Amino acid sequence: MGSGSSKNLDTSSHGSGEEKDDHGGGQLYVSLKMENHKLKGDLVPHVYGSVPLVGSWDTSKALPMERESTSMWELSFVVPPNHETLDFKFLLKPKYNNVPCIEEEGSNRQFMGGKLQGVARLAVFKFNADDILEYQVLIKADRVSPFDLAASWRAYQENLEPSTVRGIPDVSINSLPDGVDKGSSTSLDLDLEQYLVPAPATPVVYAANLTETPRSLKHGGAFSKGDVSTKDTCVSVDPPATIKEVEFVVPDPPKLFHPPGMVESKSAGTFIPQQKQDIFRAIFVDRGVGSPRLVKSASADTLTGSGKPGAKRSMPAAAGAVAAAAVADQMLGPKEDMHLAIVLVGLPARGKTFTAAKLTRYLRWLGHDTKHFNIGKYRRLKHGTNQSADFFRGDNPEGMEARNEVAALAMDDMTTWMQEGGQVGIFDATNSTSERRNMLIKMAEGKCKIIFLETICNDRQIIERNIRLKIQQSPDYADEPDFEAGYQDFKRRLDNYEKIYEPVNEGSYIKMIDMVSGHGGQIQVNNISGYLPGRIVFFLVNTHLTPRPILLTRHGESLYNVRSRIGGDTPLSGNGELYAKKLTNFVEKRLKNERAASIWTSTLQRTILTANQIVGFPKIQWRALDEINAGVFDGMTYEEVKKNMPDEYESRKRDKLRYRYPRGESYLDVIQRLEPVIIELERQRAPVVVVSHQAVLRALYAYFADRPLHEIPHIEMPLHTIIEIQMGVTGVQEKRYKLMDS
Ligand SMILES: Nc1ncnc2c1ncn2[C@@H]1O[C@H](COP(=O)(O)OP(=O)(O)O)[C@@H](O)[C@H]1O
Ligand SMILES: O=P(O)(O)OC[C@H]1O[C@@](CO)(OP(=O)(O)O)[C@@H](O)[C@@H]1O
């Protein structure tokens, strides 16, 4: 049996009781995974250990792990902050008995002060001298403030709550009929190819090229046209709408009059200068622009239903939790906390730009006004693309000055944009010395809150792969025809950075350590609190680089689709049933080698029936995947709405994103409830087939395709077509299969 004990945190042993080992307070969120493809009888992996939570070394109270896929077992738990040391071991226990238990070989595993001691070694179980079973082990421990943890978890759980619709189990696996071998569908790949149709243009562009362009370039200042490298300019000078933003500057929120207890929101549209006075009377949280018969802000009419790019606002264009958090921040938080700077830190080729772009996409999709400032792009525009490794030497004063100068310019641009209402700036550079970071901290004083996000990778193979990707993608090497010469130059550049690199140890930070290698990664969090930082940590904890497809499809045509009626819960038409068969065939072929894939549907029968015949994969019903709730219009045709409620019809037409159906939902509401689905799709390592609805799929697709919020309600989402999103190490790619005409 395991040995060891749990020590309660004794403040006296820390001198003055400083929370030195507490890493900024908070609870320890521990996630354990074990993987083995050879299953042994009905033995279930358990965890037991030194604290009551994990059974106090009593095998009958050990915590069972849950099956995540056929070969993967998982368990998460939260250790209260007053446990300094936690010892534990893995245990194999029969499903329905307490004995015999087989404890893993070797010494106890241990968390001390929130950190795993030693490495996450394999879990080895010895049945007898010749019979040994090994499990791969993955252990993550993150410090999360109790508040953020509770908020994230509640939101997550609420959306995962099982439905009670129709009494159908929410998770089911219909096994393959006897004699059917899932791996036997040979030579079928060609069949799939015949259904391929062109996807909307999704050029694979190096993420840095899509980032912000220096303001001085837009307005003809320090970055003269002569400085500009053609490679960067051709991709990314912002559209005129963004430039227009600076023409009308909304006063800083603190300068506005706030009657006690009232909160003013500008999130519902563009301000029209002559109506500026009205904003002083606006008292509402973004709740949609429809339903005049229901209570509506007196000011809503003074705001043009925009959602268009360039609309100026100081609150996110979002609903629900996002809007509520923004209001709370304005009421309670210090002014600078209303703006958040995520400052990347890390050696070159550690995934900083990749992570920055992904986070930008996620935050924008949630409705936060977010911009990505890539300092490499600033440098290229100012100093050209052909800087050799010497430019990056720590002992090259000119190089250092030039790099600090562009970093300061970008920081200036970012804080100026924040003062105009921008919410989250992502500052993407190596920022590899504390001197540079101090410069940024000083520049941000009183303007925004800084959180450092450090990406650390110790896996030589991944670094090697990243370097090769860099030579292929980065504009720095676009003019270098000789791959080997580029490679050697980049290696020298890396050496120069490594010589002076200082890991982050100051302020608020998130460290992502080996998060992509697939084993033993961890996230360390220091001094992080608040709604948005909490969401960011939650998002980063769940993302990884394992390539896998996500298949999105609408249900087969329903009886209401045939009659052009919205909403409802009707079964499939004949056409719809045919699609269900074709989809089944498609999934069997496309996922023939995927043992751990799963099928997600909504709780409405048109999606359940569409997926009904697919066998061999777990099916999960999500309420969050139900179609937009059309409220009092459910079951009507668009024509009927137009005729009977012309005002409502027009309101929706004017601003389909924010329009909330009376007693129903808006697209913004749908996006909010889909957040747990996105997090889960990011977290999954195996393929997922999502069978859902038009509005829901528009919102999900927009996240992956990085489409702006205002476009979401208008994205084409045809019936009987599968959109395959391929999640890969360089980003997201798309394929479309049209199985039949709609
Ligand atoms: N957390 C990470 N650790 C290591 N590699 C990563 C990480 N995230 C993404 N990558 C990989 O690193 C590659 C290069 O990333 P990039 O963002 O250009 O690096 P950087 O900005 O640090 O120079 C990406 O294409 C991706 O495959
Ligand atoms: O937002 P719009 O464009 O109205 O699209 C959403 C509508 O699509 C429909 C079909 O018209 O989805 P679904 O096919 O899932 O039934 C309606 O139920 C839903 O209200």
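Conventions adopted
Position labels on residues start from 1 in each chain and follow its written sequence. All chains are assigned letters beginning with A, and all ligands numbers beginning with 1, in the order in which they are written. Local features in this predicted model are restricted to residues whose pLDDT is 70 or higher, and side-chain atom pairs enter the listing and the counts only when it is 80 or higher, whereas totals over whole chains, interfaces and linings include all residues. Computation of side-chain values: all heavy atoms of the structure, hydrogens and water removed. Proximity criterion: a residue is near a molecule or strand once any of its heavy atoms comes within 4 Å of it. As used in this structure description, the phrase polar contact means that two N or O atoms lie within 3.5 Å; if the pair is within protein, one of them must be able to donate a hydrogen and the other to accept it, and residues adjacent in sequence are counted only when both atoms belong to side chains. For the area figures, the Shrake-Rupley method with a 1.4 Å probe applies, and any residue is considered shielded solely by the protein chains shown. Amino acids outside the nonpolar list (Ala, Val, Leu, Ile, Met, Phe, Trp, Tyr, Cys, Pro) and the charged list (Asp, Glu, Lys, Arg) are all regarded as polar, and Gly is one of them. Throughout this description, buried means an accessible area under 20% of the type-specific maximum (1.4 Å probe, protein chains only), exposed means over 50%, and partly exposed covers the range between. By definition, any uninterrupted DSSP run of H or I lasting at least four residues is a helix, any uninterrupted run of E lasting at least two residues is a strand, and each is numbered from the N terminus. Any two strands between which DSSP finds at least two bridges are classified as paired. Centres within 6.5 Å are what make two rings of Phe, Tyr or Trp a pair, Trp counting through its six-membered ring; a difference in plane orientation under 30 degrees is then read as stacked, over 60 as edge-to-face, and the rest as tilted. Put simply, buried Ala, Val, Leu, Ile, Met, Phe, Trp, Tyr and Cys residues joined by side-chain atoms within 4.5 Å make one nonpolar core. Contact criterion: two residues are considered in contact whenever any of their non-hydrogen atoms come within 4.5 Å of each other.

Trainee: Please explain the site of ligand 2 as it appears in this structure.
Mentor: Residues in contact with ligand 2 amount to 15 residues; listed here are only the nearest, Arg-554, Gly-567, Tyr-638, Lys-656 and Tyr-667. Contacts to ligand 2 include Lys-656, whose side-chain N or O atom sits 2.7 Å from an oxygen atom. With respect to ligand 2, the side chain of His-693 contributes an N or O atom lying 2.8 Å from an oxygen atom. When isolated, ligand 2 has an accessible area of 460 Å², and the protein chains bury 94% of it. Among the residues making up the shell around ligand 2, the classes are represented as four nonpolar, five polar and six charged.

Trainee: What am I meant to see in the pairing of strand β8 (residues 109–112) here?
Mentor: Successive side chains on a regular strand alternate, one facing one side of the sheet and the next facing the other. Side-chain alternation along β8 places Arg-109 and Phe-111 on a buried face and Gln-110 and Met-112 on a face that remains uncovered. Bridge count between strand β6 (residues 85–94) and β8: four bridges; the pairing is antiparallel. Among the inter-strand pairings, Asp-87 is bridged to a residue of β8, identified as Gln-110. Across two bridges, β8 lies against strand β9 (residues 115–116) in antiparallel orientation.

Trainee: What's the story with the packing of aromatic side chains in this structure? I'm lost.
Mentor: For any pair of aromatic rings, geometry is given as the distance between the ring centres together with the angle between the planes. For the structure on display, the rule yields 15 aromatic pairs. Ring geometry for Phe-373 versus Trp-417: centroids 6.1 Å apart, planes at 55 degrees, classification tilted. With Phe-373 in strand β17 (residues 370–374) and Trp-417 in helix α9 (residues 397–419), this pair connects stretches of sequence that are 44 residues apart. Each member of the pair Phe-373 and Trp-417 is classed as buried. Among the aromatic residues, ring-to-ring pairing joins Phe-88, Phe-90 and Phe-111 into one connected group.

Trainee: Help me out: how do you make sense of the site of ligand 1 in this one?
Mentor: Inspection of the region around ligand 1 gives 17 residues, with Ala-349, Lys-352, Phe-354, Lys-470 and Val-729 positioned closest. Interatomic distance of 3.0 Å between a backbone N/O atom of Gly-351 and an oxygen atom of ligand 1. Relative to its free-state accessible area of 580 Å², ligand 1 is covered by the protein chains to the extent of 96%. For the shell around ligand 1, the secondary structure elements donating two or more residues are α7 (352–366) and α11 (460–473). Broken down by element, the shell around ligand 1 gets its largest block of residues, four residues, from α7. A class-by-class count of the residues in the shell around ligand 1 yields ten nonpolar, four polar and three charged.

Trainee: Can you help me understand the nonpolar core in this one?
Mentor: Looking at soluble globular proteins, one finds that nonpolar side chains tend to be buried together. Membership of the largest hydrophobic core comes to 68 residues, with the highest contact counts inside it found for Ile-342 and Val-690. The residues touching Ile-342, leaving out its near neighbours within four places in the chain, are Leu-359, Val-424, Gly-425, Ile-426, Phe-427, Ile-451, Leu-453 and Ile-536. Ala-349, Ala-402, Ile-471 and Val-504 belong to the second-largest nonpolar core, a separate cluster that totals 38 residues.

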